Amino acid sequence: MLIARLIADPETLSARLDAATVAIEREGMRLAMAQMLDFCGNVLQLSLPKGDAAALRALLDEHFSPADLLLTE
């Protein structure tokens, strides 16, 4: 399982998430969950059952930069 946590601009978050979801699925990965974590402030968590961590990082950098990103496998 891949889990990504992002701190990104909340004003553009929805549009960026929509575009990133399309790109993630185009790469053959499936986004299982995307939700804001209330206990961490404005942190978006994405969960994917499987996928390539380097490819996911590149896609998230492309769609959310500048943002703080933590990615775990």
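See the structure printed just above.
The structure displayed is predicted, hence computed values, not measured ones.

Calculation rules
- Residues numbered from 1 in each chain as written.
- Predicted model: local features only at pLDDT ≥ 70, side-chain atom pairs only at ≥ 80, totals over all residues.
- Heavy atoms only, no water.
- Helix = DSSP H or I, 4+ residues; strand = E, 2+ residues; numbered from the N terminus.
- Contact = heavy atoms within 4.5 Å.
- Buried < 20%, exposed > 50% of the residue type's maximum accessible area, 1.4 Å probe, protein only.
- Pairing = 2+ DSSP bridges.

Caption draft 1: Highlighting the environment of P49. Tracing the sequence through the fold places P49 in the loop between β3 (43-48) and α2 (53-64). With 47 residues separating them along the chain, P49 and L2 place their C-alpha atoms 6.4 Å apart. In contact with P49, not counting residues within four places along its chain, are M1, R30 and A32.

Caption draft 2: Geometry of the pairing of β3. Counting buried positions along β3 gives six out of six residues, so the element sits mostly inside the fold. Side chains of β3 alternate between two faces, with V43, Q45 and S47 and L44, L46 and L48 buried alike. With five bridges connecting them, strand β2 (residues 33-37) and β3 associate as antiparallel partners. Paired with A34 across the strands is L46, a residue of β3.

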